[in-house]
Amino acid sequence: MSQRSFLMAGGLCVLLVALAANLSLGSTDIPLSSIFDAVVAFDGDSYDHFILLYQRLPRAMIAMFVGAVMACGGAVLQGLTRNPLASPAILGISSGATLFVIASVFFLALPPAWQGAAAVAGGLLGFASCLLVARLTGMSRDPRGLSLILSGAVLSMLYTSIANALMLASPSQRTDFLSWMSGNINHVYADRLYDFWWLGAAGLAVMFVLARPLTLVTLGRDKAASAGVDVRRVTLTALGAVVVSASAAVAICGPVGFVGLIVPHVVRPFFGAGFGASLPANAVLGAAVCLLADLAARTAFAPYVLHTGVMMDLLGGLVFAVIVKRTYLGAGARGMA
Amino acid sequence: MEIGKRDRCVLASHDLTVSYGPDSRPVLHALSVAFARERFTALVGPNGCGKSTLLKAIMGFLKPWAGRVTLDGAPLVGMPRRELARRIAYLPQENFCPDHIRLGELVELGGYARYAMFGGPSDADRRLFEAALATVGLDGMGSVRVSAMSGGQRQRAWLAMVLAQDADTILLDEPVNHLDLKYQYQILDLVHTLTRRGKTVVAVLHDLNLTAAFADAVVMLKDGAVVAEGPTAEAVTTETVRRVFDFEADVFERDGRLVCLPLNRPGASDIAA
C-alpha cells in the first residue's frame, strides 16, 4: 500500500508538471512566476496575465476535466464488461452524445445551457443501443466480448455520420460546430465547462463511492451478490454515472476519444484492478495525459494548431491496435476467462 | 425427536421447486432437506441432479416456483443482500479474478457486508483477515497477485475470502474441482476443521471417497429429489449408490472409514465388452 501512495505522489507530480508546462508553453512562453502572479494578483493590463486567465487556464481546466472523466469512465467500463477495449468513445456514448447535441441545436435551437441534457440523453441512448445490438448478435456465445466492441464501433460510425449529414445540410450553423465535432479543447468552450462541470463531478463522486462494490462486481455477479452487493443497483448506478459524466465532457468540447481507452491500461499494472486505488490514479493520469495532448496539439506543429481530439486519435489508434493484437490475436490472450 | 432434530438444523429447504426459467422444466422437485449445525454436509449426485441449483436457490440467485428456504427457522426470501452475506457465504464453482488483484485486496473485499458506506475494515476486521489467511496457509502472501498463484493457492485464496466474510454458514460449489489430489485432501481437511469453529458447511462434491473421508453427513440427490440423507456411514450404501449413480458399488469399511469402489473389475464391465 505504501508503494501505491508513493506512486500516487509521483502521479500528482506528473500532473503538476503537465499543468505548469501547459500553462507556460505556447505561442508565447510565459514564465512560471507570472503564472503564480496571475492567479494571486491579477493585473488586467498584463498581456501574459490576460492570456493565462482567459485562455490557457480555462483550456487546461477543460483538458483536466475531460481526461479525468473519460479515464475513470473507461476504467469502470473495462472492469464491468471485462473487455480491455471498452471505453466511452468505443461503446457509443460519445457519438450518441455528439449526435444529440448537434440535433438539439439544429432542430430545436437549444441554448448551450440545455445542450448538456441533450448530450446525456444521447449518451444513454448510444450506450443502450450498443448493449442491445451486442445482445442481439449473440454476446452470450462470445466470451471475449468482440460483438460488444464491434456493435459499438458500427453504431459510433452511424451516429457520427448522421451528425455529419446534419452539419452538411445546414451551412449556416455548421461553422459553430465544425471544430467541436472533432474534439477540440479550447478556451471558447469555457462557458460550457462552467455549465456542465458539476455533471462530471457528480458522476466521478458516484464512481468513487461505489469503488468497493464495483470491484466485487468485476469478480462475477454471483460472487458479488453473495458478498452482500446489490449487483443490479450498483451496476446500473455506476453505468449511469459513467454515461452522465462522459456525456458532460462531450457537451463541453466534443468527443475526445481514446483517453478513456489508454489511461486505464497504463494505470492497472501499477495501481491494480481494485477501483478504490485505481480510480483516483485514473483521474490524475487522465488529466495529465489530456494536458500533455493539448500541449502537443498546440506546439508540435507550430505555427499550426491541431485539435486535441485529433492528437488523441493519432495516439489512440496505435494503442488500440496493440490491445487488439494482445487480446484477440495474442497466443495467450490472458485474463479473458 | 422431531423438535430436537430441527434445533440442530440451521439451514433448510421446504418443498423447494426451482427451474432456470419460466419455460424450462424444474430442476428441483418439491425438495425438502435440512443441514445440521456445525457439521460438514456433502451434496452428492450425478451431473445435472440439482446440486449446484440447490445452492443457487438457497442464495436467492434463482427464484423458486414454490417452497422456501429458512435459516434458523426464519425464511430467507426478502432478506437484504448485506444481511444475508453476514450469515451465509458462498463460493461458486467457477471463480474469476481480474489480473492485478492482490490476495490482500481480495480478502478485504470479502468483508464488504460489514463496512459502512464510506468506511473500510476495522482493526478487528484486519485481525480476522490475517487469521483467514493463516487458516488457509497463505499468511504473509497478502501482496501477491491472485492471477500469479497456482491453482491450489488460488482455491485457498477464494476460501480465505469466504472466511473473511465471517458468516456462520458456508456453501461451497465443488471446492476441489480441477485440483491436484494433494490439494483436494488439504482443502477438504481445512473445510472440515471449520466445523470445529462453529461453522456449518455445505459442499457439493463429486467423489464419493472424498465425501466418505471428510464429510460428517451426506445428502444424495437424483433428478432434483433427495434419495438419501444422514450421517455419511449410514447414507452411503451399496443400495443408495446404485439408486443415485446407477452403478454397482462395493461399499466397505476399512479402519473405521468408508471406501466406495466399482464392483466390477476393469475389463469385466459389459460396457467395455
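Residues numbered from 1 in each chain as written. Chains lettered and ligands numbered in written order. Predicted model: local features only at pLDDT ≥ 70, side-chain atom pairs only at ≥ 80, totals over all residues. Heavy atoms only, no water.

Points about unusual backbone geometry
All names here are of chain B. Of note, Asp 223 is a non-glycine position whose phi angle comes to about 50°, a positive value. Examined against the element boundaries, Asp 223 turns out to sit in the loop between strand S9 (217-222) and strand S10 (225-231). Of note, Asp 246 is a non-glycine position whose phi angle comes to about 65°, a positive value. By the element assignment, Asp 246 lies in the loop between helix H10 (238-245) and strand S11 (249-254). (Helix = DSSP H or I, 4+ residues; strand = E, 2+ residues; numbered from the N terminus.)

Some remarks on a nonpolar patch on the surface
A surface patch of nonpolar side chains, about 330 Å² in accessible area, is lined by Phe 36, Val 39 and Val 40 of chain A. Along the chain, Val 39 of chain A falls in helix H2 (residues 32-40). (Patch = residues over 30% accessible without salt bridge, like charges linked within 9 Å, V, L, I, M, F, W, Y side chains within 5 Å. Areas by Shrake-Rupley, 256 points an atom, 1.4 Å probe, with all protein chains shown as cover. Salt bridge = Lys/Arg side-chain N within 4 Å of Asp/Glu carboxyl O.)

Focus: helix H5 (residues 112-136) of chain A
Taking 1.5 Å per residue, 25 residues should reach 36 Å; H5 of chain A reaches 36 Å between its end C-alpha atoms and fits that length. Buried residues belonging to H5 of chain A abut helix H3 (47-81), helix H4 (93-108), helix H6 (146-169), helix H7 (171-181), helix H8 (190-209) and helix H11 (231-253) of chain A. (Expected span 1.5 Å × (residues − 1). Contact = heavy atoms within 4.5 Å.)

Re the side chain of Thr 41 of chain B
Mapped onto the secondary structure, Thr 41 of chain B falls in strand S3 (residues 40-44). In this structure, Thr 41 of chain B is in contact with Phe 35, Ala 36, Val 201, Val 202, Ala 203, Ala 217, Val 218 and Val 219 of chain B, ignoring residues within four places of it in sequence.

Concerning the interface of chain A and chain B
Every contact between the two is made by 26 residues of chain A and, on the other side, 34 residues of chain B. The tally of links from chain A across to chain B stands at two salt bridges. With a shortest N-O distance of 3.1 Å, Arg 212 of chain A and Glu 108 of chain B are connected by a salt bridge. Joining chain A to chain B, the criterion identifies five residue pairs in polar contact (both at pLDDT 80 or more). With five residues, helix H9 (residues 211-218) of chain A is the single largest residue contributor to the side of chain A that touches chain B. A class-by-class count of the residues in the side of chain A that touches chain B yields eleven nonpolar, eight polar and seven charged. (Polar contact = N/O pair within 3.5 Å; in protein donor to acceptor, adjacent residues only side chain to side chain. Nonpolar A, V, L, I, M, F, W, Y, C, P; charged D, E, K, R; others polar.)

Some details on the sheet that holds strand S5 (residues 74-75) of chain B
Residues and elements named next belong to chain B. The strand order across the open sheet built from four strands is S2-S1-S4-S5, with neighbouring strands paired in antiparallel fashion. Unpaired on one side and paired on the other, strand S2 (28-36) and S5 mark the two borders of the sheet. Note: strand S4 (residues 66-71) against S5, two bridges, orientation antiparallel. Bridge pairing in S5 links Leu 71 to Ala 74. Each of strand S1 (9-18), S2 and S4 is contacted by helix H2 (residues 51-59), which is oriented at about 75° to S2, the strand it contacts most. (Pairing = 2+ DSSP bridges. Axes fitted to C-alpha atoms, helices over the stretch in contact; angles between N-to-C directions.)

Details of the pattern of salt bridges
Residues and elements named next belong to chain B. Using the criterion set out here, one finds eleven salt bridges over all chains in the structure. Note that Asp 72 and Arg 87 form a salt bridge whose closest N and O atoms lie 3.2 Å from each other. One end of the pair, Asp 72, is in the loop between S4 and S5; the other, Arg 87, is in helix H3 (residues 81-87), and 15 residues separate them in sequence. On the basis of relative accessibility, which here comes to 42%, the residue Asp 72 falls in the partly exposed class. (Buried < 20%, exposed > 50% of the residue type's maximum accessible area, 1.4 Å probe, protein only.)

Some details on the packing of helix H4 (residues 103-110) of chain B against helix H6 (residues 151-164) of chain B
Two quantities define a packed helix pair, namely the angle between the helix axes and the distance between the axes. Residue and element names in this part refer to chain B. In contact at an axis separation of 7 Å, H4 and H6 are set at 35° when each is read in the N-to-C sense. For the pair H4 and H6, the sense of crossing is right-handed. Residue-level contacts link Leu 103, Leu 106, Val 107, Leu 109 and Gly 110 of H4 to Ala 157, Trp 158, Ala 160, Met 161 and Ala 164 of H6. When grouped by side-chain class, the residues that make up the contact of H4 with H6 number nine nonpolar, one polar and no charged. (Left-handed = near helix turned anticlockwise from the far one by under 90°.)

Examining the environment of Leu 155 of chain A
All names here are of chain A. Residue position: Leu 155 is located in helix H6. Each C-alpha atom of the pair Leu 155 and Ile 262 lies 21 Å from the other, and the pair is 107 residues apart in sequence. Discounting chain neighbours no more than four positions away, the residues touching Leu 155 are Ser 95, Ser 129, Cys 130 and Val 133.

Looking at H7 of chain A
All names here are of chain A. Listed as buried for H7 are Phe 177, Trp 180 and Met 181. Projected down its long axis, H7 shows its buried positions confined to an angular sector of 85°, all on one face. Exposed residues on H7 whose side chains face more than 90 degrees from its buried face are Thr 175 and Leu 178. Lining the buried residues of H7 we find H4, H5, H6, H8 and H11. (Arc of directions from axis to C-beta.)

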